[in-house]
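Examination of the molecular architecture
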Amino acid sequence: MKNHAYIYIATLIIVGVLSVNTQAQSSRNMQRLRVSIPFAFNAGDTMLPAGKYRVHVVNPSSDRCVLQISGTDGTRVMIKTMDVQGSPSEEAKLTFKRYGDQYFLTQVWMAAESSGFETPTSKAEKSLRRQLGPLAKNYEVVAINAR
């Protein structure tokens, strides 16, 4: 009889832990960000103008998330991302690398999450880095808060 009670308690604990983990992952993937970006930027291999955008995860159940960036003008860009670890922040944000007057989307962070989404280096950024040579290491990181 004691064995049945232990098995029952262990099962409840496992189910509880798994459900909390599933909720935590789905909350990150269900967030939809709204952001106003005051400069033109590259998202993947697409150049986007300054403006208002929405960002969300298209395939939350995949291990390689795809972000969709939608502009108010109807523009839509899909970008495959990799997970990146960091410190949780109360604010959601997008980070960019700035080389002179050119900006490249590098990361997307959802509010209160310790992992974010990192975009691969685009062809345009690789080309610019080759042109800049050693000066390419002097980029600036710019963060824009999102809602």
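Going by the structure above, here's the rest.
Counting of residues starts from 1 at the beginning of each chain's written sequence and follows it residue by residue. Residue-level local features of this predicted model are given only where pLDDT is at least 70; pairs of side-chain atoms are given and counted only at 80 or more, and the full residue set underlies all totals for whole chains, interfaces and linings. Calculation of side-chain values draws on the structure's entire complement of heavy atoms; hydrogens and water are dropped beforehand.

A closer look at the overall build of the protein
Rule in force here: The way it works is that DSSP assigns letters per residue, a run of H or I at least four long becomes a helix, a run of E at least two long becomes a strand, and they are numbered from the N terminus. Relative accessible area decides the class of each residue, using a 1.4 Å probe on protein chains only: under 20% of the type maximum gives buried, over 50% gives exposed, and in between gives partly exposed. Using a 1.4 Å probe, accessible areas were evaluated by the Shrake-Rupley method; residue-level cover was limited to the displayed protein chains.
Secondary structure summary: the protein contains two helices and 11 strands in total. Listing every helix and strand of the protein by position from the N terminus yields α-β-β-β-β-β-β-β-β-β-β-α-β. Looking at the protein as a whole, 35% of its 147 residues are labelled buried. Working note: accessible area of the protein is about 9400 Å², and carbon and sulfur atoms make up 54% of it.

Observations concerning the nonpolar core
To be explicit about the condition: In this text, buried Ala, Val, Leu, Ile, Met, Phe, Trp, Tyr and Cys residues form a nonpolar core when linked through side-chain atoms within 4.5 Å. Contacts are residue-level and defined by heavy atoms, with any inter-residue pair within 4.5 Å sufficient.
Core analysis: the largest hydrophobic core is formed by 26 residues, its most contacted members being Phe41, Leu94, Phe96 and Leu105. Elements supplying a minimum of two residues to this core: strand S1 (32-37), strand S2 (41-43), strand S4 (51-57), strand S5 (66-71), strand S6 (76-80), strand S8 (92-99), strand S9 (102-109) and strand S11 (140-146). The contacts of phenylalanine 41, once residues within four sequence positions are left out, are Thr46, Met47, Leu48, Pro49, Tyr53, Phe96, Tyr103 and Leu105.

Remarks on the pattern of salt bridges
Side-chain pairing between opposite charges can occur once the charged atoms of the two side chains come close. Selection rule: Here, a salt bridge means any Lys or Arg side-chain nitrogen found within 4 Å of an Asp or Glu carboxyl oxygen.
Tallying each qualifying case throughout the model produces two salt bridges. Where lysine 97 meets glutamate 125, a salt bridge forms, and the shortest distance between an N and an O atom there is 3.9 Å. Pair noted here: lysine 97 is in strand S8 and glutamate 125 is in helix H2 (residues 123-132), with a separation of 28 residues, a long-range link. Taken as a pair, lysine 97 and glutamate 125 share a single burial class, namely buried.

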